[in-house]
Amino acid sequence: MRLHRLRSRIVAFYTVLSLLISIAGLGVMNFFINRNAQAQIAEELLIGDRVLRRTLSDKSHQLEQAAGVLAADFAFREAVATRDRDTLLSALENHGRRIHANLMMMIDPDGNLTANTLDEDATPGRFGYPALLERARATGRASGIVSTGDRLYQLVLVAVRAPAVIGWVAMGFAVNDSGARDLGALTSLQVSVLARAANNDWHLIATTIDKAAQPRLKTSLMPLLTAANDYSGRPTVIAKDLTLLAPLMIENGEPAVAVLQRSLHEALQPFDQLRNLLAALAALGLAATVLGSVAIARGITGPLSTLSDVARRIAKGDYSEPIAVTKQDEVGELAAALHHMRTDIATREATIMDLAYRDPLTRLPNRALFNERLQQAITSAKRSGTAISVLTLDLDNFNYVNNTLGHANGDLLLQQVALRIQSALLRQTDTLARLGGDEFAILLPAADLVGAREIANRVLKVLEAALSIEGHTVDVAASIGIVSCPQHGQEVLTLMSRVDLSMAVAKRNKSGFAEYDVSYDQSPERLSLLSELRQATENDELVLYYQPKLDIAAGQITYVEALLRWQHPRRGFVAPDEFIPFAEQTGYIRVITQWVLDTALKQTAAWRLRGLELNMCVNISARDLLNPDLTQHIARLLKRYGVNPDWIWLEITESAIMDDPIRAQQVIEELHNMGLHLSIDDFGTGYSSLAYLKRLPVDELKIDKSFVLNMNKDHDDAVIVRSTIDLGHNMDLKVVAEGVDCEETLQLLGELGCDIAQGYHICRPLAVDKFEQWLADFARAPRRAASRRMN
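Residues numbered from 1 in each chain as written. Predicted model: local features only at pLDDT ≥ 70, side-chain atom pairs only at ≥ 80, totals over all residues. Heavy atoms only, no water.

Peer 1: Which parts of the structure should I look at to understand the environment of Met731?
Peer 2: Summarising the element assignment, Met731 is placed in the loop between α24 (715-730) and β26 (734-738). Residue Met731 is classed as partly exposed on the basis of its relative accessible area of 25%. With 166 residues separating them along the chain, Met731 and Arg565 place their C-alpha atoms 34 Å apart. Once you skip the residues sitting within four places of it in the chain, Met731 turns out to touch Leu693 and Lys694. (Helix = DSSP H or I, 4+ residues; strand = E, 2+ residues; numbered from the N terminus. Buried < 20%, exposed > 50% of the residue type's maximum accessible area, 1.4 Å probe, protein only. Contact = heavy atoms within 4.5 Å.)

Structure below.
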């Protein structure tokens with residue numbers, strides 16, 4: 001039977017279903033039979049326990065009556081009074097034989113044993129069961145089970161009076177196999193008695209079990225005997241027997257138990273015939289199910305096989321032969337559907353192929369077709385030993401066009417860009433594809449890195465001219481990544497991954513294009529560092545350092561910038577450049593920024609309470625500007641620490657603003673409306689237009705240190721700094737110069753009218769305690785000391 005066929009699966013399903021139902025039914029039946037049998041045996045064991053207690057009680061009563069008769073005999077009392085030992089032994093033995101007692105004793109009023117039928121020649125000594133004797137003294141008589149050597153006796157003490165107590169007569173029955181057999185005959189149970197000696201070893205006193213099975217009995221009972229000394233009286237299954245331990249109170253303190261057992265196998269034997277009958281019925285039902293399922297399966301799968309043949313012909317492109325199935329049921333409906341399908345499938349095939357491998361907007365090959373062609377080119381290059389190259393490019397600020405002009409105009413832009421890129425290609429065999437969004441890819445099946453660079457330059461050249469979109473003039477720029485096979489990899493996934501890394505580097509460096517380099521890959525060391533960064537805020541590994549900003553004209557420190565540092569417990573100091581970029585890529589920068597804001601505002605409040613009027617400057621990343629909860633989070637912190645928003649300056653880079661100008665302007669306006677001050681950080685390194693910046697409610701421009709570091713030596717840098725200062729003042733903005741590393745630069749900035757200076761020449765970033773000490777020293781020093789470098 002081939003289970004991949006429907007007919008086989010139908011037969012198998014009903015067969016397995018019937019089999020499972022039969023097995024389940026037999027299992028349930030067997031479960032309840034076993035449970036009922038165990039319950040019945042457990043009840044028998046409990047009844048047996050009650051019979052045991054009643055038997056012991058009856059024997060105790062019998063012994064008390066016999067001992068009372070003997071104690072009342074005048075001749076016996078006279079022998080007791082005269083301490084005639086021979087007469088006592090004779091009387092005890094004769095009376096014991098009449099009642100079949102196994103033990104007869106005489107004890108004097110002081111508790112000394114004067115006669116003992118077990119050992120007539122023994123020297124008189126103390127009676128070995130003082131607790132039993134004490135009970136007899138209290139009530140005139142007492143009974144209990146005593147241990148003598150390796151034997152147990154049910155013993156009764158009765159006072160001999162004349163008229164005062166002149167002694168005690170003791171009579172006892174031995175606990176032996178005969179008594180066990182009598183109890184077993186009454187209860188239909190196996191009965192055994194075990195006692196524990198002083199060395200904690202259990203020994204068998206009496207049993208109804210065959211001698212050959214007696215060692216197994218003791219072995220099977222040992223875990224139960226040693227696990228619980230209270231012997232709770234609950235029936236337990238041991239070695240296929242249901243067992244009940246009935247504790248016996250022994251006068252010398254060592255425990256003894258009566259073991260009542262009933263075989264589960266014997267109890268279940270009456271049900272074997274019922275089990276066999278039900279099993280036979282289940283087998284007949286299974287056979288009937290198999291036969292019925294075969295007939296049902298043939299009725300269903302026969303017409304389906306015919307339709308399957310038709311479907312195979314359609315799959316091969318043969319739509320001519322008519323469908324022969326004429327049923328009016330669901331199978332007939334399926335046949336009619338197949339008839340309509342074969343008439344439509346031919347036209348749909350062409351449409352599906354086009355949609356599968358073409359971008360509907362630009363009509364260029366899509367990612368799937370590009371990857372197929374790339375794989376073919378790799379295979380061909382391996383055979384011929386030639387090189388191929390792959391370029392991917394991404395449009396810069398395409399989101400800005402979409403957000404400003406609308407998605408319809410964004411689509412028109414992509415169509416025009418596709419035409420321009422296509423015009424830059426040199427060969428008919430070159431493939432241009434749109435991978436999605438504003439990302440394109442170029443396959444050069446006969447070009448090395450030199451040829452790839454030429455194409456990259458041609459593409460950048462054709463995109464330089466502005467595009468006209470519905471009357472709007474749009475400037476377009478692109479970032480291009482380049483890889484070559486076999487130099488940078490010989491697998492599709494490897495090449496595409498590395499070309500994307502190269503494109504990201506070109507976009508980040510704004511270099512136009514970038515060729516792949518092994519340094520672009522994130523090493524396992526850096527990936528591990530990123531994972532550990534997630535625990536840094538929880539483990540108090542992050543710390544803020546503070547760098548002062550000098551008011552050049554006043555010579556005072558009224559601003560301080562909070563700079564993040566990571567003191568790793570194993571790696572030591574980790575520079576921000578090593579972890580901040582990865583935090584921005586993963587989005588974890590939002591968590592870090594929240595921590596920085598919380599710590600910085602808390603420190604600001606602490607300083608203000610101490611009379612230090614310092615304004616705090618905090619950096620905000622591009623990811624933070626896109627965070628819808630940023631303004632609410634800052635508002636909560638201001639309220640929590642009682643910080644005036646006028647004391648806080650948020651520094652935002654040009655590039656962060658231009659990533660999403662519309663959203664950035666909205667967030668900046670919200671922050672401004674809260675009373676916070678905004679500063680454009682690294683000004684001069686971005687691509688923002690002055691017209692756009694003029695619309696932003698910012699208070700400060702911060703000149704990038706790349707222009708400040710060498711302005712005392714480089715005339716061009718000095719011109720840029722002067723122009724930026726003039727620009728900022730004309731826009732009513734404060735101007736900050738960072739990167740002030742020497743006295744000459746500081747003096748030059750003062751001459752140019754720069755408002756605030758920041759750099760190592762003034763003070764390095766310091767931990768809070770060292771910063772406070774530096775600030776105190778600065779306040780005490782002459783004004784000229786403002787330019788003294790802090791080491």
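Back to the text.
Peer 1: Would you mind going over the sheet that holds strand β11 (residues 256-263) with me for this structure?
Peer 2: Remark on secondary structure: sheet strands pair via backbone hydrogen bonds, oriented parallel or antiparallel. Reading across from one edge, β8-β7-β11-β10-β9 is the order of the five strands in this open sheet, with antiparallel pairing throughout. The sheet is open, and its two edges are formed by β8 (202-207) and β9 (236-238), each paired on a single side. Averaged over all pairs of adjacent strands, the angle between strand axes in this sheet comes to 35°, irrespective of strand direction. When strand β10 (residues 241-248) meets β11, the two strands line up antiparallel, connected through eight bridges. (Pairing = 2+ DSSP bridges. Axes fitted to C-alpha atoms, helices over the stretch in contact; angles between N-to-C directions.)

Peer 1: Would you mind going over a nonpolar patch on the surface with me for this structure?
Peer 2: On the surface, Phe13, Tyr14, Leu17 and Ile21 cluster together into a nonpolar patch covering about 390 Å² of accessible area. Mapping Phe13 onto the fold places it in helix α1 (residues 6-72). (Patch = residues over 30% accessible without salt bridge, like charges linked within 9 Å, V, L, I, M, F, W, Y side chains within 5 Å. Areas by Shrake-Rupley, 256 points an atom, 1.4 Å probe, with all protein chains shown as cover. Salt bridge = Lys/Arg side-chain N within 4 Å of Asp/Glu carboxyl O.)

Peer 1: How should the environment of Ala767 be read in this particular structure?
Peer 2: Here Ala767 is to be found in the loop between β27 (756-758) and α26 (768-780). Through-space distance from the C-alpha of Ala767 to that of Leu678 is 25 Å; in sequence the pair is 89 residues apart. Filtering out sequence-adjacent residues up to four positions away, Ala767 remains in contact with Leu544 and Tyr545.

Peer 1: When you look at the pairing of strand β13 (residues 431-436) in this model, what are you seeing that I'm missing?
Peer 2: In regular strands, side chains alternate between the two faces of the sheet. In terms of burial, β13 is largely enclosed, as five of its six residues are buried. Sheet analysis places β13 next to strand β14 (residues 439-444), joined by five bridges and oriented antiparallel. Bridging from a neighbouring strand, Thr431 pairs with Leu443 of β14. Two successive antiparallel strands, β13 and β14, enclose a turn made up of two residues, where Gly437 displays a positive phi of approximately 60°.

Peer 1: Help me out: how do you make sense of the nonpolar core in this one?
Peer 2: Ranked by internal contacts, the top residues of the largest apolar core, which has 75 residues, are Met616, Leu625, Leu650, Val721, Leu749, Phe771 and Trp774. Ranked by residue count, the leading element in this core is helix α17 (residues 589-609), at eight residues. Ignoring sequence-local partners within four residues, the contact set of Met616 consists of Tyr546, Val560, Ala562, Ala600, Thr604, Trp607, Trp647, Ile648 and Trp649. With 32 residues, the next largest nonpolar core counts Leu364, Leu395, Val459 and Ile469 among its residues. (Core = buried A, V, L, I, M, F, W, Y, C linked by side-chain atoms within 4.5 Å.)

Peer 1: Is there a simple way to explain the packing of helix α2 (residues 74-82) against helix α3 (residues 85-99) in this structure?
Peer 2: In a packed pair of helices, the relevant descriptors are the angle between the two axes and the axis-to-axis distance. Packing of α2 against α3 brings their axes to within 9 Å, and their N-to-C directions diverge by 145°. Two packed elements cross with a definite hand, and for α2 against α3 that hand is left-handed. Contacts from Phe76, Ala79 and Val80 of α2 reach α3 at Thr87, Leu88, Ala91 and Leu92. Of the residues assigned to the contact of α2 with α3, the class counts are six nonpolar, one polar and no charged. (Left-handed = near helix turned anticlockwise from the far one by under 90°. Nonpolar A, V, L, I, M, F, W, Y, C, P; charged D, E, K, R; others polar.)

Peer 1: I would appreciate a short explanation of unusual backbone geometry in the present structure.
Peer 2: In terms of backbone geometry, most residues other than glycine have negative phi values and most peptide bonds are trans. With omega at -20°, the peptide bond leading from Ala162 into Pro163 counts as cis. Of note in the backbone geometry, His100 takes a positive phi value of approximately 60° without being a glycine. Mapped onto the elements, His100 comes out in the loop between α3 and β1 (103-107). A positive phi angle, near 65°, is found at Arg363, a position not held by glycine. Within the secondary structure, Arg363 is located in the loop between α9 (330-357) and α10 (367-384).

Peer 1: What is the right way to look at the domain arrangement of the protein chain in this model?
Peer 2: Interface size is commonly expressed as the accessible surface area that is lost when the partners come together. Segmentation of the protein chain into domains returns domain 1 (37-279), domain 2 (377-522) and domain 3 (542-563 + 587-790). Once you take the C-alpha centre of each, domain 1 and domain 2 turn out to be 102 Å apart. (Domains from an automatic or database assignment.)

Peer 1: When you look at the packing of helix α12 (residues 407-424) against helix α13 (residues 449-462) in this model, what are you seeing that I'm missing?
Peer 2: Across the interface, α12 lies against α13 with an axial gap of 9 Å and an inter-helix angle of 140°. Considered as vectors, α12 and α13 are oriented oblique to each other. Here the hand of the crossing between α12 and α13 comes out right-handed. On α13, the residues that touch Arg420, Ile421, Ser423 and Ala424 of α12 are Ile455, Arg458, Val459 and Val462. For the contact of α12 with α13, a count of residues per class yields five nonpolar, one polar and two charged. (Parallel < 35°, antiparallel > 145°, perpendicular 65-115°, else oblique.)

Peer 1: Looking at this structure, how should I read the pairing of strand β25 (residues 700-703)?
Peer 2: Burial of the side chains of β25 extends over both faces: Glu700 and Lys702 are buried on one face and Leu701 and Ile703 on the other. Sheet topology note: the β25/β26 ladder contains four bridges and is parallel. By the bridge assignment for β26, Lys702 is matched with Val736.

Peer 1: Quick question: what am I supposed to make of the sheet that holds β13 here?
Peer 2: Within the open sheet, the five strands sit side by side as β13-β14-β12-β17-β18. Their pairing is mixed. Among the strands making up the open sheet, the edge pair consists of β13 and β18 (513-515). Between one strand axis and the next, the sheet turns through 20° on average, direction left out of account. Packing against the sheet, α12 makes contact with β12 (388-395), β13 and β14, and its axis sits at approximately 20° to β14. Against the sheet, α13 makes contact with β12, β14, β17 (478-485) and β18, and its axis sits at roughly 165° relative to β17, the strand it touches most.

Peer 1: So what exactly am I meant to see when it comes to the packing of aromatic side chains here?
Peer 2: Aromatic ring pairs are reported here in terms of the distance separating the ring centres and the angle at which the planes meet. A complete count under the given rule lists eight aromatic pairs for this structure. Ring centres of Phe127 and Tyr129 lie 5.4 Å apart, and the angle between their planes is 80°; on these two criteria the pair is classed as edge-to-face. Judged by relative accessible area, Phe127 falls into the buried class, the value being 7%. When the centroid spacing of 6.4 Å and the interplanar angle of 20° are considered together, the rings of Phe771 and Trp774 count as stacked. Here the residue Phe771 and the residue Trp774 both occupy positions in helix α26, the gap between them amounting to three residues, near one helical turn. (Phe/Tyr/Trp six-rings, centres within 6.5 Å; stacked < 30°, edge-to-face > 60°.)

Peer 1: It is not clear to me how the state of the cysteines should be interpreted in this structure. Could you clarify?
Peer 2: What makes a disulfide is a covalent bond joining the sulfur atoms belonging to two cysteines. For the coordinates displayed, the defined rule picks out zero disulfides. No disulfide involves Cys617; its sulfur sits 14 Å from that of Cys754, the nearest cysteine. Overall, the relative accessible area of 1% leaves Cys617 in the buried class. Take Cys754: its relative accessible area is 5%, and that puts it in the buried class. (Disulfide = S-S within 2.5 Å.)

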